[in-house]
Amino acid sequence: MTGLTDAVLLKLYRDMLLVREFEQQLENDQKRGRVPGLLHTGVGQEATLAAIAHVLDPADAFFPDHRCHGLCLLAGSPGDRLMAEILGKAAGVCGGRGGSMHLADRSVGNFGGNVVEGSMLATALGPALAWQMRGERHISAVILGDGTVGRGEFNESLNLASVWKLPVLYCCINNQYAISTHVTAAHPSANMSDLAAGYQLPTAMVDGNDIVAAAEAARLAAAYVRAGRGPYFLEFHTWRWQGIFSGEMRSPDEVRLWKEDREPLRRARADLLLRGAASAAELDAIATEVRETVAGWARFAHESPLPDPATALDFVYADPEVLTL
Ligand SMILES: Cc1ncc(C[n+]2csc(CCOP(=O)(O)OP(=O)(O)O)c2C)c(N)n1
Ligand SMILES: [Mg+2]
């Protein structure tokens, strides 16, 4: 059973399509040398990202990881300026200074990603503590991969959040690989919730490729944290299409399983048709509209200028008057 209405499920479906289209546009741009630096995409993880975005609002804080362009987009950053940012353009949400790995946009609650895996696990405690002290009911959500669970900050963060009952929502995207290391080679359990549970906070695991299940699990977790009951560890089981390098060992059977049987967009579409929430033609029309929307963003990003070299030192140093105070 789910409390999600057809209208909400259709919105989530469009959200997932937006993420897929946005990311695949960027992958194409990268192949053509248009993306400065690294590009990690969330292709294959769209249901998980849509479910997380669905329960956050701009008054919350979230800390994206390196595979979260889609979450930043669904949180409300304008798609054209987000894409411009990833291409390093002046019109980007961070003036082209952040790029893919350091996307931030405080206007939508995005406190910024960081290339140092795990560092946001510590930073996320900051807003959570502030809100607790002020008696405000917001969520500090931090996104982490299975590989990041191996970092020391994982333990420090969960320990303190649990002891102080901080409003932190841990969103663990367990896609089974850290670079090319399988989760079973890196951790004593394939379920990161088993490791989190030692810190005495509630945990849940959900199929992160099933949008209905993922959105419902996210709703329950967010409600718990928002009610001031303390932190919550929510683990999404999913699989990323993008390897980190071309020599990665994934068997043809594994690839087929995740790209076909468990493919999140195909499952969401089949579910919507089964419910009678929309016709095939209506779903096709949503896909066309999404493609055109993202193409418009790409045009904007491609045509935008790079930052003026004369501004290279802007935002690097604090105002000297502040320093002399
Ligand atoms: C502290 C630190 N160590 C190593 C890296 C290099 N690195 C980038 S992504 C990655 C793997 C992360 O795996 P996971 O958390 O599972 O995320 P995924 O890429 O699978 O989404 C590593 C080790 C880093 N960015 N930061
Ligand atoms: Mg991983």
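Since this is a predicted model, take the numbers as computed values, not measurements.

Draft legend 1. Representation of the overall build of the chain. In terms of regular secondary structure, the chain is built from 14 helices and seven strands. Relative to its length of 325 residues, the chain is compact, with a C-alpha radius of gyration of 20 Å against a globular reference of 20 Å. Split into buried and exposed, the 325 residues of the chain put 43% on the buried side.

Draft legend 2. Summary view of the site of ligand 1. Around ligand 1, the structure places 15 residues, and the nearest of them are E117, G145, G147, T148 and A178. The class makeup of the residues in the shell around ligand 1 is five nonpolar, six polar and four charged.

Draft legend 3. Structural detail: the environment of V115. Along the chain, the position of V115 falls in the loop between helix 4 (79–86) and helix 5 (119–123). What makes V115 partly exposed here is the crowd of 13 C-beta atoms within 10 Å. In contact with V115, not counting residues within four places along its chain, are H66, M101 and H102.

Draft legend 4. Structural detail: helix 6 (residues 125–134). Regarding helix 6, the residues found buried are L125, P127, A128 and W131. An end-on view of helix 6 places all buried positions within 165 degrees of arc, on one side of the element. Residues of helix 6 that are exposed and point over 90 degrees away from its buried face: M133 and R134. The inward-facing, buried residues of helix 6 contact strand 1 (61–63), helix 5, strand 2 (140–145), helix 7 (152–164) and strand 3 (168–174). Phi for G135, located one or two positions after helix 6, is positive at around 75 degrees.

Draft legend 5. Region of the structure containing helix 4. Burial runs high along helix 4: seven of the eight residues are buried. All of the buried residues in helix 4 are G79, D80, L82, M83, A84, E85 and I86. Among the structural elements, helix 1 (6–31), helix 3 (69–74) and helix 13 (280–303) are those in contact with the buried residues of helix 4. Two residues or fewer past helix 4, G88 is found with a positive phi of approximately 75 degrees.

Draft legend 6. Inspection of unusual backbone geometry at higher detail. Its identity is not glycine, yet K165 carries a phi of approximately 55 degrees, on the positive side. By the secondary structure assignment, K165 is in the loop between helix 7 and strand 3. One non-glycine residue, Q176, lies in positive phi territory at about 80 degrees. Along the polypeptide, Q176 turns up in the loop between strand 3 and strand 4 (177–178).

Draft legend 7. Representation of the confidence of the model for the chain in the model. For the chain, the average pLDDT comes to 95, and 96% of its residues sit at 70 or higher. Across the chain, element-level confidence peaks in strand 7 (residues 232–237) with a mean pLDDT of 99 and bottoms out in helix 14 (residues 320–323) with 64.

Draft legend 8. Spatial organisation of the pairing of strand 3. The buried fraction of strand 3 is high, at seven of seven residues. What you see with strand 3 is no split at all: V168, Y170, C172 and N174 on one side and L169, C171 and I173 on the other are buried throughout. Of the pairings in the sheet, the one linking strand 2 to strand 3 comprises six bridges and is parallel in character. In the sheet register, L144 faces strand 3, and the bridge partner there is C172. Taken together, strand 2, helix 7 and strand 3 constitute a β-α-β crossover, and its handedness is right-handed.

Draft legend 9. Structural detail: the pairing of strand 7. Across the six residues that make up strand 7, a large majority, six, are buried. The two faces of strand 7 match: Y232, L234 and F236 on one face and F233, E235 and H237 on the other face are all buried. Taken together, the six bridges between strand 3 and strand 7 define a ladder with parallel strand orientation. Looking at the pairing, N174 lines up with H237 of strand 7. Where strand 6 (residues 203–207) and strand 7 come together, five bridges link them in parallel fashion. Each residue of the ladder has a partner; that of T203, found in strand 7, is F233.

Procedures and definitions
- Residues numbered from 1 in each chain as written.
- Chains lettered and ligands numbered in written order.
- Predicted model: local features only at pLDDT ≥ 70, side-chain atom pairs only at ≥ 80, totals over all residues.
- Helix = DSSP H or I, 4+ residues; strand = E, 2+ residues; numbered from the N terminus.
- Rg over C-alpha atoms; globule rule 2.2 N^0.38 Å.
- Buried ≥ 20, exposed ≤ 12 C-beta atoms within 10 Å, placed from the backbone.
- Near = placed C-beta within 6 Å.
- Nonpolar A, V, L, I, M, F, W, Y, C, P; charged D, E, K, R; others polar.
- Contact = placed C-beta atoms within 7 Å.
- Arc of directions from axis to C-beta.
- pLDDT = per-residue confidence, 0-100.
- Pairing = 2+ DSSP bridges.
- Right-handed = clockwise from strand over helix to strand, strands pointing away.

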